[in-house]
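# Overview (structure and organization)
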Amino acid sequence: MSNVNMEATNILPILKKKLAFLSGGKDRRSGLILTIPLSSDQTSMEELSATLDYLLSIPSEKCKARGFTVIVDGRKSQWNIVKTVVLMLQNVIPAEVSLVCVVKPDEFWDKKVTHFCFWKEKDRLGFEVILVSANKLTRYIEPCQLTDDFGGSLDYDHSDWLNKRLVFEKFTKESTSLLDELSIINEGDKSHELLSELQQRRFNGSEGGGGGQGGEEELLAQPQVMKLLDSLREQYTRYQELCRQRNKRTQLDEIHAKVMQVVTWLQGPGSELLKTQQAIGDSMRAAQALQQKHEEIESQHSEWFAVYVELNQQIAALLSTGEEEEVAELKALQQQLSDVCYRQAAQLESRQNVLQAAQGFHSTTQELSQQLDGLLGMLCADVAPADGASIQQNLKLLEEKLQTVEAGLASVRQKGALVLEQMCSQPSWSLEETESPPGDPQDNVQQIQSVMEEMQLRKQRCEDMVDVRRLKMLQMVQLFKCEEDALQAVEWLGELLDALLKTHVRLGDDSQETRTMLDKHRKFVDVAQSTYDYGRQLLQATVVLCQSLRCTTRSSGDTLPRLNRVWKQFSVSAEERQQRLELALNFHTAAERVFQQEFVEAESLDEVDSSGKTLLDRLTTPIIFPDGSEQYFGSPSDTAAAAEGVRERLLLVEERRLQLQEATE
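These figures come from a predicted structure and were not determined experimentally. (Residues numbered from 1 in each chain as written. Predicted model: local features only at pLDDT ≥ 70, side-chain atom pairs only at ≥ 80, totals over all residues. Heavy atoms only, no water.)

Now for the packing of helix α13 (residues 511-549) against helix α14 (residues 559-596). Close contact between α13 and α14 brings their axes to 10 Å; oriented N to C, the two are set at 165°. Relative to α14, the element α13 lies roughly antiparallel. When the axes of α13 and α14 are compared, the crossing they make is left-handed. The residue inventory of the contact of α13 with α14, partitioned by class, reads 15 nonpolar, 10 polar and six charged. (Axes fitted to C-alpha atoms, helices over the stretch in contact; angles between N-to-C directions. Helix = DSSP H or I, 4+ residues; strand = E, 2+ residues; numbered from the N terminus. Parallel < 35°, antiparallel > 145°, perpendicular 65-115°, else oblique. Left-handed = near helix turned anticlockwise from the far one by under 90°. Nonpolar A, V, L, I, M, F, W, Y, C, P; charged D, E, K, R; others polar.)

Okay, here's the thing in structure tokens:
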């Protein structure tokens, strides 16, 4: 087993051969890596065993408990030597070995001589053995824990290590010896024994009456011993105080070194990381990528902030027991550390606020861009609604989309102002820095303003197009309205014609009634004329709107011919009705004049009789429309009723004629 009291000076020639070494690297279980670089020369197993014994005496028991990973470099050796070394490990350090990696040469040993299977011998050996190429060693050990012999990056200088071990062992030996001597001197019992012996001899000499040289020497030795003891105690006390001060100085130096390590990283690499991350991205995806990068930077800073908290606690503990100069130094360190950490934390928080505001801005901008695209797509589509109601619905939808865009633009402006505010409130870097970092805030300001101006221009273009579309749609609504009202005018005129033909049949029982009916007829015709004129105006407006809308596929259709046809039929019918009422008025006027005169000439009676018969003939005559069709006023019974009134008056006229004849005779 390893000898814990072994010294490097005892086996210095062997250690210089570098038969084995501890590089300082660790495996993935935090166990130490022990390397045995076998050479092409014959290796002495005794010297290798002595080297291993010495190396195993260095680590602590706690470190040994984690186990060793042993790398046996057999690239320049023979298989039988490698096998001997591996088997020797079983006797030297079986309990401490976790894994043995045998690095094989590029041209593997002859299979005939490597039939010894280590994996089958695991239970007997007490550890696992694997054969591996040098370039595959990183499967088991991280590259940063391997020396350059195996393609790693870990630095190891064997001569430097050996020199440091010699210095360390010399210091340990001398310090231990000094401490032992001081401990012996400080033991009061032996000092008292020496003084008591000197006093006893003096007393014995005086009682015997002897004197002599020996007694005087012993008498003089007593104060000399006392003086030496006092000097030694004083020196020991001074040594203790010196150790205490050195220990405290060491603590202060360690704290100072750690503080400067934190400060140096935060002001150096930490600040550089933040300075290179000043951009805000040009899209939501870019801003999210910057946010992820910032979280990585925050994670790196968190490790150093944790060191800051630990150092702050250590400084606080030392402040309560330190002297005035130490307290001043500690407070200065504490202040410097706090200033740097808080300044860096403020930079991180400010950067986080800017990124959050930027993400909100890009998200709102992206949403507004999609809304503008949707509105533009709606504006670019052809308008072909079926009726005025669908146009009104489309117009309402267009207005709603425009309002949404306006609200989105207002939100973009608000979010942009927030980003600008966050960027302006960022803590400034050191005044000594003259170069602007990548992603200069002024560039970010211009970017935000450029995006807002672009959104404003896009919104303005869409708004102008909306104005044009709104006018067009309102004209289309008016067009549909004109067409509907023109059709309504045709229907109204048709209803007037129908009423004229079906209900305007009576001619009146006397001249007064007929004259009243004639006045009503003229007003009735005026209403029809207004309706016709209104329809004509609507159809003319329809033509103008179609020209304005460049709607070549639309026209008044058959509405105008229908309107003209109905109006001509109405005009013919109204004219016929006018003439019949005028004939009836002449008939009734002449008849009433005959009835009122005491003496009536026969010519007057003939005139009444003639006009009555003409009127009766007119009642039986149909109306001839321009298309050649015929139409009668009212039903036959209505016509018969009107004719009956005429005939009754003709009978009265005939009676008047008889009366005149009788009177003449």
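Once that is clear, we can look at the pattern of salt bridges. Per the counting criterion, the structure on display carries 24 salt bridges. Among the ionic pairs, Lys 17 bridges to Glu 47, the shortest N-O distance being 2.9 Å. You can see Lys 17 sitting in the loop between α1 (12-16) and β1 (21-26) and its partner Glu 47 sitting in helix α2 (residues 45-56), a full 30 residues away along the chain. Across the pair Glu 169 and Arg 165 runs a salt bridge, and its minimum N-O distance is 3.5 Å. Residue Glu 169 and its partner Arg 165 are located together in helix α6 (residues 158-185), separated by four residues, close to a single helical turn. Judged by relative accessible area, Arg 165 falls into the buried class, the value being 16%. One salt-bridge network, held together by shared partners, links Glu 399, Asp 467 and Arg 470. (Salt bridge = Lys/Arg side-chain N within 4 Å of Asp/Glu carboxyl O. Buried < 20%, exposed > 50% of the residue type's maximum accessible area, 1.4 Å probe, protein only.)

In this section: the nonpolar core. Ranked by internal contacts, the top residues of the largest apolar core, which has 56 residues, are Leu 375, Met 423, Ile 448, Leu 493 and Phe 570. Listing elements by their share of this core, those giving two or more residues are α10 (324-380), α11 (388-424), α12 (441-503), α13 and α14. Counting residues per element, this core draws most heavily on α12, which supplies 20 residues. Leaving out residues up to four positions away in the same chain, Phe 570 has contacts with Leu 496, Leu 497, Leu 500, Phe 524, Val 525 and Ala 528. If you look at the next biggest cluster of nonpolar residues, it comprises 39 residues, including Leu 48, Phe 68, Ile 81 and Leu 89. (Core = buried A, V, L, I, M, F, W, Y, C linked by side-chain atoms within 4.5 Å. Contact = heavy atoms within 4.5 Å.)

This brings us to the sheet that holds strand β4 (residues 97-103). If you walk across this open sheet you meet the five strands as β1-β2-β3-β4-β5, and the pairing is mixed. The two strands at the open ends of the sheet, each matched to only one other strand, are β1 and β5 (128-132). Averaged over all pairs of adjacent strands, the angle between their axes in this sheet comes to 25°, without regard to strand direction. Strand direction decides the pairing type here: β4 and β5, joined by five bridges, are parallel. Note that in β5 the partner of Val 102 across the bridge is Leu 131. On the sheet, α2 packs against β1, β2 (32-37) and β3 (68-73) and is oriented at approximately 165° with respect to β2. (Pairing = 2+ DSSP bridges.)

For the rest of this paragraph, the subject is the pairing of β3. Burial runs high along β3: six of the six residues are buried. Every second residue of β3 is oriented toward a common face, with Phe 68, Val 70 and Val 72 on one face and Thr 69, Ile 71 and Asp 73 on the other, all of them buried. Relative to β3, β2 runs parallel, the two sharing five bridges. Bridging across to β3, Thr 35 finds its partner in Ile 71. Note that β3 and β4 share six bridges and pair parallel. Of the residues in β4, the one forming a bridge with Val 70 is Val 100.

Overall, the predicted model of the protein chain reaches an average pLDDT of 82, with 85% of residues at or above 70. When pLDDT is averaged over each helix and strand of the protein chain, the minimum, 55, is found for helix α7 (residues 188-207) and the maximum, 92, for β2. Low pLDDT, under 50, characterises residues 205-214; the stretch is placed with two contacts to residues that sit more than four places away or in other chains. Below a pLDDT of 50 lies the segment residues 431-436, which in the model reaches one contact outside its immediate sequence neighbourhood of four places, other chains included. (pLDDT = per-residue confidence, 0-100.)

This part takes up α13. Taking 1.5 Å as the rise per residue, α13 with 39 residues should run 57 Å; its terminal C-alpha atoms sit 57 Å apart, in good agreement. Where α13 starts, the residue carrying a side-chain oxygen 3.3 Å from the main-chain nitrogen of Gln 512 turns out to be Asp 510. Looking one or two residues beyond α13, the residue adopting positive phi is Arg 550, at roughly 55°. (Expected span 1.5 Å × (residues − 1). Polar contact = N/O pair within 3.5 Å; in protein donor to acceptor, adjacent residues only side chain to side chain.)

Counted under the stated rule, the structure contains six aromatic pairs. Seen from their ring centres, Trp 265 and Trp 304 are 5.4 Å apart, and the 15° between their planes marks the pair as stacked. With Trp 265 in helix α8 (residues 212-275) and Trp 304 in helix α9 (residues 284-319), the pair connects residues that are 39 residues apart, well separated along the chain. Taken together, a centroid distance of 4.7 Å and an interplanar angle of 10° make the contact between Tyr 532 and Trp 567 stacked. On the criterion of sequence distance, the pair formed by Tyr 532 in helix α13 and Trp 567 in helix α14 is long-range, its members being 35 residues apart. The exposure classification of Tyr 532 matches that of Trp 567, with both residues buried. Through a chain of ring-to-ring contacts, three or more aromatic side chains come together here, namely Phe 524, Tyr 532, Trp 567 and Phe 570. (Phe/Tyr/Trp six-rings, centres within 6.5 Å; stacked < 30°, edge-to-face > 60°.)

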